[in-house]
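Examination of the molecular architecture
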Amino acid sequence: MVQTVKFEDQIVPEYITKGYHTKFIEPIALEVCKGEGLDIGCNRPEWALKGATPIDPVIDPKFHAKAVPLRYGGWNYIYSSHCLEHIPDYMDVLHYWTAILAPKGTLFLYLPHPDCKYWRPWKMPTRKHIHQFYPEQVEDILLSLGYSNVFVSGRDLAFSFAAYGQKNE
């Protein structure tokens with residue numbers, strides 16, 4: 001039986017409150033994320049995308065794009081699950097991640113979907129989320145950063161969505 005949590009007037013699966021969201025999207029991410037890559041924001045090394053180097057910046061108000069210096073141009077992919085909504089200047093971070101990707105590299109984001117009231121920044125019990133993203137907004141952001149072959153999903157059963165694109169040369 002699926003355990004549930006009631007938050008306000010919405011009932012959601014309890015599993016979305018426990019972290020390690022990569023397990024819900026990993027089969028698709030592994031189809032797209034090939035070569036040498038990073039999992040930024042995995043929280044625990046054992047939660048990192050298989051084959052990725054785990055990078056877990058401390059999420060706090062002082063976090064900025066270069067808080068974790070990484071080599072430029074050598075990464076085939078950057079995967080990040082349930083991290084971007086915690087970062088104050090997410091556009092600065094996305095520019096940095098784009099800069100360190102190799103040409104034709106992939107940026108893969110897995111984000112909480114705004115349909116889930118539990119994750120809304122102004123309602124979240126832990127108040128850890130400071131941003132809320134809609135799939136269409138993330139698609140627009142990736143295109144504005146110069147990504148091609150951009151794909152964005154709708155909400156899945158983990159109340160999340162995926163977005164990824166390929167960096168142009």
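Summarised in this report is the structure supplied together with it. As the structure is a computational prediction, the values presented were derived from the model and not from experiment.

Here is what the cut-offs are and how they apply
Residues numbered from 1 in each chain as written. Predicted model: local features only at pLDDT ≥ 70, side-chain atom pairs only at ≥ 80, totals over all residues. Heavy atoms only, no water. Helix = DSSP H or I, 4+ residues; strand = E, 2+ residues; numbered from the N terminus. Buried < 20%, exposed > 50% of the residue type's maximum accessible area, 1.4 Å probe, protein only. Polar contact = N/O pair within 3.5 Å; in protein donor to acceptor, adjacent residues only side chain to side chain. Salt bridge = Lys/Arg side-chain N within 4 Å of Asp/Glu carboxyl O. Core = buried A, V, L, I, M, F, W, Y, C linked by side-chain atoms within 4.5 Å. Contact = heavy atoms within 4.5 Å. Phe/Tyr/Trp six-rings, centres within 6.5 Å; stacked < 30°, edge-to-face > 60°. Lys NZ or Arg CZ within 6 Å of the ring centre and 35° of its normal.

This next bit is on the environment of Asp 9. As for its placement among the helices and strands, Asp 9 is situated in the loop between β1 (4-7) and β2 (10-13). On the basis of relative accessibility, which here comes to 58%, the residue Asp 9 falls in the exposed class. With 108 residues separating them along the chain, Asp 9 and Lys 117 place their C-alpha atoms 8.9 Å apart. Here Lys 117 takes part through its side chain, which lies 2.5 Å from a polar atom of the side chain of Asp 9.

The next subject is the pattern of salt bridges. What the rule picks out here adds up to four salt bridges. Ionic pairing is found between Lys 18 and Glu 14, a salt bridge with its closest N-O pair at 3.8 Å. Given the relative accessible area of 26%, Glu 14 is considered partly exposed. A salt bridge links Glu 26 to Lys 50; its shortest N-O distance comes to 3.2 Å. Highlighted residues: Glu 26 in helix α1 (residues 22-32) and Lys 50 in the loop between β3 (37-40) and β4 (53-55), separated in sequence by 24 residues. Judged by relative accessible area, Glu 26 falls into the buried class, the value being 7%.

Attention now goes to the nonpolar core. Within the largest apolar cluster, 28 residues are counted, with the highest numbers of intra-cluster contacts made by Leu 84, Leu 94, Trp 97 and Leu 107. Broken down by secondary-structure element, the contributors of at least two residues to this core are β3, β5 (75-81), α2 (90-100), β6 (101-112), α3 (135-144), β7 (147-152) and β8 (160-167). Examining the composition of this core, we find that six residues originate from one element, α2, more than from any other. With sequence-adjacent residues up to four places away left out, Leu 84 is seen in contact with Tyr 90, Val 93, Leu 94, Trp 97, Leu 109, Leu 111, His 131 and Phe 133. Counting residues in each nonpolar core, the second largest holds eleven residues, with Cys 33, Tyr 79, Ala 158 and Ala 162 among its members.

In the structure shown here, the tally under the stated rule is six aromatic pairs. Relative to Tyr 164, the ring of Phe 151 lies with its centre 5.6 Å away and its plane at 35 degrees, an arrangement referred to as tilted. Note that Phe 151 is positioned in strand β7 and Tyr 164 in strand β8, a separation of 13 residues in sequence. Chaining the aromatic ring pairs together yields one cluster made of Tyr 79, Phe 108, Phe 151 and Tyr 164. Directly above the aromatic system of Phe 159 lies the positively charged group of Arg 155, at a separation of 4.2 Å from the ring centroid.

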